[in-house]
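# Secondary and tertiary structure notes
So the chains spell out like this:
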Amino acid sequence: MRTKVAIVGGGLAGLYAARLLDAAGIDFHLLEARDRFGGRILSVDSAGAISDDGFDLGPSWFWPGLQPAMGELIHELGLSAFPQNGDGDALFERMSKETVQRFSAMRQEPQSMRLTGGTGALIRALVAALPPQRLQLRSAVTSIALTRDGVTLAMKAADASSAILVADQVILALPPRLLARTVSFQPGLEPATAFLWRSTATWMAPHAKFFALYDRPFWRERSLSGTVQSMVGPMAEIHDATTAFGSAALFGFLGVAADQRLAVGEDVLVQACITQLERLFGPEAAQPRATLFKDWATDPLTATDADRIGGAHLPPGRASWVSGAWADRISLGGSETSATEPGYLAGAIDAAARAVAEVLARLIDAQETITC
């Protein structure tokens, strides 16, 4: 099988790159290792199934005033958004033996926004607008080789069968660290490039999120926003996760390190989170109708062993992500490689657009060389 451009990774970056290539009339083929599109974007219902009114186990917020390309894409796709609930007081707990403090929260500027239907609505809309025959799930790329015919990608399916795709250009829309760990290159990457990829932290990879789902957002009845900062834990930061259609929930980022989470176990952590919510919001919080827990550090298609620590957003920059023999054949397009918004949803759009621009310029140069 042959294509002009192979895209590795079917998260937001890979799908947006596919959208740009499709609009430019360029033949492409997108390969995704998972059995779903979206990558770290995952919006699910109370049973953990992908939903049209889902709770965001991965990223949830965006800021259209600061991220115009993100706002434009949402508008193009006909999606709607709503503000993160911030009405009411916030809570702060400093020590386990101290009374929880309540204070009037300042209005957040800029306002954090969420997508109606969850962030997964963005993925569904992008997939629906692309030719399905060019999108391939359950295809993990294991090696990439530079040959006379172009770039040869070897992939393995979920049933252990193998296949080959040959492309003129490749966009790698995955976190650099995950690429360095899971894909082999022939010829090998230059040492400086390999070191850069391995040193680039993957956003969300060290984190875990917990959701408690309720019949109604009872905290709002007490003029609470659902926002909490805690030095007690296990959740360090809590927010209202009620959906646009009114499904009530609170969610929090765990302040427990990945190795400690693994040692303690999910059941213990879930109960500790419920106990924390009861401590903060009262007896009603102790009886959620369902809970959701996602530890991204245990997801082999997101995290490596090196991602089990850290988690801060990457600083913006303009690193040279590819060098040597591969410089004219591959481009990195994952969110972590964005020069302006690394790790954010908007960073995926920025990085994908830059990668597509690089690929299109190379294809034009190659065509001009042939005609000359």
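None of these values were measured; they are calculated from a predicted model. Counting from 1, residues in each chain are numbered in the order their sequence is written. Reporting of local features is limited, given that this is a predicted model, to residues whose pLDDT is at least 70; pairs of side-chain atoms are given and counted only at 80 or more, and all residues count toward the totals for whole chains, interfaces and linings. Excluded from the side-chain calculations are hydrogens and water; all other atoms, namely the structure's heavy atoms, are used.

## A word on the overall build of the chain
Here is the rule we go by: Strands are runs of DSSP state E lasting at least two residues, helices are runs of H or I lasting at least four, and both sets are numbered from the N terminus onward. The globule rule used here is 2.2 Å times the number of residues to the 0.38 power, and the radius of gyration it is set against is calculated over C-alpha atoms. Each residue is assigned to one of three classes by its accessible area relative to the maximum for its type, calculated with a 1.4 Å probe on protein chains only: buried under 20%, partly exposed between the two thresholds, exposed over 50%. Whether two residues touch is decided by their heavy atoms; if any such pair falls within 4.5 Å, the residues are in contact. Counted charges follow a simple rule, with Lys and Arg positive, Asp and Glu negative, and His plus the chain ends left uncounted. Charge placement uses NZ in Lys and CZ in Arg. For Asp and Glu, CG and CD serve respectively.
Helix and strand counts for the chain stand at 9 helices and 19 strands. For a compact globule of 372 residues, the expected C-alpha radius of gyration is about 21 Å, and the chain comes in at 22 Å, within 12% of that figure. With respect to the principal axes defined by its C-alpha atoms, the chain has extents near 75 × 40 × 40 Å. Taken over 372 residues, the chain has a buried fraction of 53%. Sequence-distant contacts in the chain: of pairs separated by 6 or more residues, those separated by 24 or more amount to 70%. Charged side chains in the chain number 32 positive and 39 negative. The centres of these two groups are separated by 3 Å.

## Points about the sheet that holds strand β6 (residues 89–93)
Which entries qualify depends on this criterion: Strands qualify as paired when DSSP identifies two bridges or more between them. Angles here are taken between N-to-C directions and fall from 0 to 180 degrees, while the axes themselves are lines fitted to C-alpha atoms, restricted in helices to the stretch in contact.
Sheet architecture is open: 7 strands sit in the order β7-β6-β15-β16-β17-β14-β18, paired in mixed fashion. Pairing within the sheet leaves two strands with one partner each, and these edge strands are β7 (101–104) and β18 (290–295). This sheet shows a mean twist of 20° between the axes of neighbouring strands, independent of strand direction.

## What about the nonpolar core?
Applied cut-off: By convention a nonpolar core is built from buried Ala, Val, Leu, Ile, Met, Phe, Trp, Tyr and Cys residues, the set being connected through side-chain atoms within 4.5 Å.
In terms of nonpolar packing, the biggest core is built from 38 residues, with Val5, Ile7, Leu12 and Ile171 touching the most fellow members. Of all the elements in the fold, those that place two or more residues in this core are β1 (2–8), α1 (12–23), β2 (28–31), α2 (68–76), β8 (113–115), α3 (120–128) and α9 (345–371). At 9 residues, the largest contribution of residues to this core is made by α9. If we skip the residues at most four places from it in the chain, Ile7 touches Gly14, Ala17, Ala18, Leu21, Phe28, His29, Leu30, Leu31, Ile171 and Ala173. Residues Leu91, Ala212, Ile238 and Phe293 belong to the second largest nonpolar core, which totals 23 residues.

## Brief notes about the pattern of salt bridges
Quick reminder of the rule: When a carboxyl oxygen of Asp or Glu is within 4 Å of a side-chain nitrogen of Lys or Arg, the pair counts as a salt bridge.
In this structure the tally under the stated criterion is 21 salt bridges. In this structure, Glu358 engages Arg362 in a salt bridge whose closest nitrogen and oxygen atoms are separated by 3.7 Å. Linking Glu358 with Arg362, this pair stays in helix α9, spanning 4 residues, or about one helical turn. Note on Glu358: relative accessible area 29%, which makes it partly exposed. Residues joined in a network through salt bridges with shared partners are Arg2, Lys4 and Asp168.

## Section: α3
Looking only at α3, the buried set comprises Gly120, Ala121, Leu122, Ile123, Ala125 and Leu126. Considering only its buried residues, α3 is in contact with α1, β3 (43–44), β4 (55–56), α2 and β8.

## Looking at α2
To keep things clear, this is the line we draw: The directions from the helix axis to the C-beta atoms are what the arc is built from.
Those residues of α2 that fall on the buried side of the exposure criterion are Met70, Leu73 and Ile74. One side of α2 carries all its buried residues, which in axial view fall inside an arc of 100°. With respect to the buried face of α2, the exposed residues turned more than 90 degrees away are His75 and Glu76. At the C-terminal side of α2, Gly78 shows a positive phi close to 70°.

## Some thoughts on unusual backbone geometry
Omega for the bond connecting Gln186 with Pro187 falls within 30 degrees of zero, at 5°, which places this linkage in the cis form. Relative to the elements of secondary structure, Pro187 occurs in the loop between β13 (184–186) and α5 (191–199). Note that the residue after Gly233, namely Pro234, is joined by a cis bond; omega there is 10°. Locating Pro234 in the fold gives a position in the loop between β15 (224–230) and β16 (235–240). You will see that Arg138, though not glycine, has its phi angle at about 55°, which is positive. On the secondary structure map, Arg138 appears in the loop between β9 (135–136) and β10 (139–147).

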